[in-house]
Amino acid sequence: MYRAPVTIIAFVCSGWAAGCSSTETAPQPIATTPPAQVIFDTDFGGDADDLGAVAMLHHYADQGDIDLLAIVSWSHEVYALPALAAVNQFYGRPDVQLGVREVDSWRTDWNYNQVIAEQFPHDPAIVEGAEPAVTLYRRLLADASPNSITIVTVGPLANIQNLLRSEPDTISDETGADLVNAKVDQFVIMGGQFPEGITANGPEWNFDGNMKGVTQEVLETIARPIIFSGYEVGEALKYGDALNAHPTDTPLYVGYKYFSEHAPWMKQDYRGDILDNSSFDQTAVMYAAINGVDKYWTLSAPGTLSVDEAGIGTWTEDAMGQHQFLILNDDTELTISVIAEAMTH
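Only a predicted model underlies this, so the values are computations on that prediction, with no experimental measurement involved.

## Structural notes on the overall build of the chain
Turning to step 1, where the next piece is worked out: A count of helical and extended segments in the chain gives 13 helices and 15 strands.
Turning to step 2, where the next piece is worked out: In summary, the chain has a C-alpha radius of gyration of 21 Å against a globular reference of 20 Å for 345 residues, a match within 12%.
Turning to step 3, where the next piece is worked out: Considering only C-alpha atoms, the chain reaches an extent of 70 × 45 × 45 Å along its principal axes.
Turning to step 4, where the next piece is worked out: Looking at the chain residue by residue over its 345 residues, the buried ones come to 52%.

## Section: the nonpolar core
Nonpolar side chains tend toward joint burial in soluble globular proteins.
Turning to step 1, where the next piece is worked out: Counting residues in each nonpolar core, the largest one holds 68 residues, and the members touching the most others are F40, Y60, I66 and I116.
Turning to step 2, where the next piece is worked out: For this core, the element with the highest residue contribution is helix 1 (residues 48-62), accounting for nine residues.
Turning to step 3, where the next piece is worked out: Excluding anything up to four places from it in sequence, I116 contacts L51, A83, A86, V87, P251 and G255.

## Digging into the environment of L84
Turning to step 1, where the next piece is worked out: In this fold, L84 is placed in helix 2 (residues 80-90).
Turning to step 2, where the next piece is worked out: Classification of L84 by relative accessible area gives buried; the value is 0%.
Turning to step 3, where the next piece is worked out: Sequence spacing of L84 and A117 is 33 residues, and the spatial spacing of their C-alpha atoms is 7.9 Å.
Turning to step 4, where the next piece is worked out: Aside from chain neighbours lying at most four places away, what touches L84 is F44, V54, I71, S73 and L98.

## Details of the pattern of salt bridges
Turning to step 1, where the next piece is worked out: Under the criterion given, the structure shown has seven salt bridges.
Turning to step 2, where the next piece is worked out: The partner of R107 in a salt bridge is E77, and the shortest N-O contact between them spans 2.6 Å. Of the two residues, R107 sits in the loop between strand 5 (97-100) and helix 3 (113-119) while E77 sits in the loop between strand 4 (66-73) and helix 2, which places them 30 residues apart along the sequence.
Turning to step 3, where the next piece is worked out: Residues D109 and R107 are paired through a salt bridge, measuring 3.8 Å at the closest nitrogen-oxygen approach.
Turning to step 4, where the next piece is worked out: A relative accessible area of 55% means that D109 is categorised as exposed.
Turning to step 5, where the next piece is worked out: On the basis of relative accessible area, R107 is assigned to the partly exposed category, the value being 34%.

## Considering the packing of helix 12 (residues 280-290) against helix 13 (residues 332-343)
Turning to step 1, where the next piece is worked out: Taken N-terminus to C-terminus, the directions of helix 12 and helix 13 make an angle of 85°; their axes are 11 Å apart at the nearest point. Put simply, helix 12 runs roughly perpendicular to helix 13. Between helix 12 and helix 13, the residues in contact are Q282, T283, M286 and I290 and T335, V338, I339 and M343, respectively.
Turning to step 2, where the next piece is worked out: Classifying every residue of the contact of helix 12 with helix 13 gives five nonpolar, three polar and no charged.

## Notes on the side chain of N111
Turning to step 1, where the next piece is worked out: Inspection of the secondary structure puts N111 in the loop between strand 5 and helix 3.
Turning to step 2, where the next piece is worked out: Looking at N111, the relative accessible area reads 6%, which means it is buried.
Turning to step 3, where the next piece is worked out: A polar contact of 3.1 Å, which involves the side chain of N111, links it to the backbone oxygen of G45.
Turning to step 4, where the next piece is worked out: Apart from residues lying up to four places away in sequence, N111 is in contact with G45, G46, E77 and Y258.

## With respect to the packing of aromatic side chains
Turning to step 1, where the next piece is worked out: Applying the stated rule across the entire model yields 14 aromatic pairs.
Turning to step 2, where the next piece is worked out: When the ring of W74 is compared with that of W106, the centres are 6.1 Å apart and the planes differ by 65°; the resulting orientation is edge-to-face. Within this pair, whereas W74 is found in the loop between strand 4 and helix 2, its partner W106 is found in the loop between strand 5 and helix 3, the two being separated by 32 residues in sequence.
Turning to step 3, where the next piece is worked out: We classify W74 as buried; its relative accessible area is 10%.

Conventions used here
Residues numbered from 1 in each chain as written. Predicted model: local features only at pLDDT ≥ 70, side-chain atom pairs only at ≥ 80, totals over all residues. Heavy atoms only, no water. Helix = DSSP H or I, 4+ residues; strand = E, 2+ residues; numbered from the N terminus. Rg over C-alpha atoms; globule rule 2.2 N^0.38 Å. Buried < 20%, exposed > 50% of the residue type's maximum accessible area, 1.4 Å probe, protein only. Core = buried A, V, L, I, M, F, W, Y, C linked by side-chain atoms within 4.5 Å. Contact = heavy atoms within 4.5 Å. Salt bridge = Lys/Arg side-chain N within 4 Å of Asp/Glu carboxyl O. Axes fitted to C-alpha atoms, helices over the stretch in contact; angles between N-to-C directions. Parallel < 35°, antiparallel > 145°, perpendicular 65-115°, else oblique. Nonpolar A, V, L, I, M, F, W, Y, C, P; charged D, E, K, R; others polar. Polar contact = N/O pair within 3.5 Å; in protein donor to acceptor, adjacent residues only side chain to side chain. Phe/Tyr/Trp six-rings, centres within 6.5 Å; stacked < 30°, edge-to-face > 60°.

See the structure below:
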C-alpha cells in the first residue's frame, strides 16, 4: 500500500581535510517510508502462531518498521489479557494498549495463556485497564490521521463487525463504518483459502469461528483495501522444532512447548519436544511490516472476495476491486528463515 514518502536530506562530507569543498556533490534527498501504524486483532491462546506473531510485532517495532498502537483480543479466555500483558512486558513494551471483545470470559485448559501469565511478570493495572474492543478502536481511529492505520486481523472478525456497527458517541460523531473508511489505510487479514475458498477441513477458522455471517458482513461493509493471507500460505510455512534450541526462559519457548503438548490436534504427536506448526498469523504481520512482495510472495490481481454465511469465499477478478491475496513464492525456506529471525530476535 502506498504511503507518501518522507524526505530526509543527508549531507556527508568526505576526505581528510576539514570542511567541505564547494565542488562536493550536492546532497541528495533520501525517501523513507514512515512506519505502519498497526492495530493487531488476535484470538491469542488458541494456536501458537498468535504468540509467534506478537513476538514478530515487537521485532518489527524495534526495527522501526511499525508503530504498535494496540493489541485487541477476540478471545476473552480468562488468561488471554494477562498473557498478552506478560509478552508485551517481556519485549519491553508493557504499555501497549489492550482491548478485548465484550463477551463473558471463559476458561480453556489447553490454551497456553495461563502458563505464560503465571511464569512471566506483568502489571495487573494494564490488564484491568484494558478497554472494550470497540471503545479502543473508536478512540484510536478518531485520533488518527486520514488513511493512516493498518489493521491486522488474525482471528475471527467479530471485533471488526462490532466496530463497523458502532454508532456515534462521545468519542466521535461518526459511525464505526465511517471511521474505518476514513482512517484506515489497509486491512491485512489472515483468513480464507485462495482461490478455492474452502480448506480440506471445511471453512477456514477465522472466516467461520462458529459465528455465522460475521465475515460476510465485514467484507461487505469495509470500503478500504484488504490484503488476505490465506490458509494455504501459512500451511506451507512450518516452524517450531527449531525453538527446542531457543532459551527456555522466554514466552516463545514456554508457549510453543505447552501448545505442542496440550493442543488437541498436536498432543498425539508430542514426544517431549516442541513440534513444527503452521505460520498462519506470522505471514500477515510480516506483510504489514515489510511487505515482501516479489521476494517472499506476490500479490494476486485485484478482485473482490465474496463470502457466504458459512465463511466460504468466492474470488472474482476485478480491475477495480480493492481485495488482493498473497501467493507464496517457491523458496519457502527463505520465508521461513525470515519468520524465524523475526520471532526469535
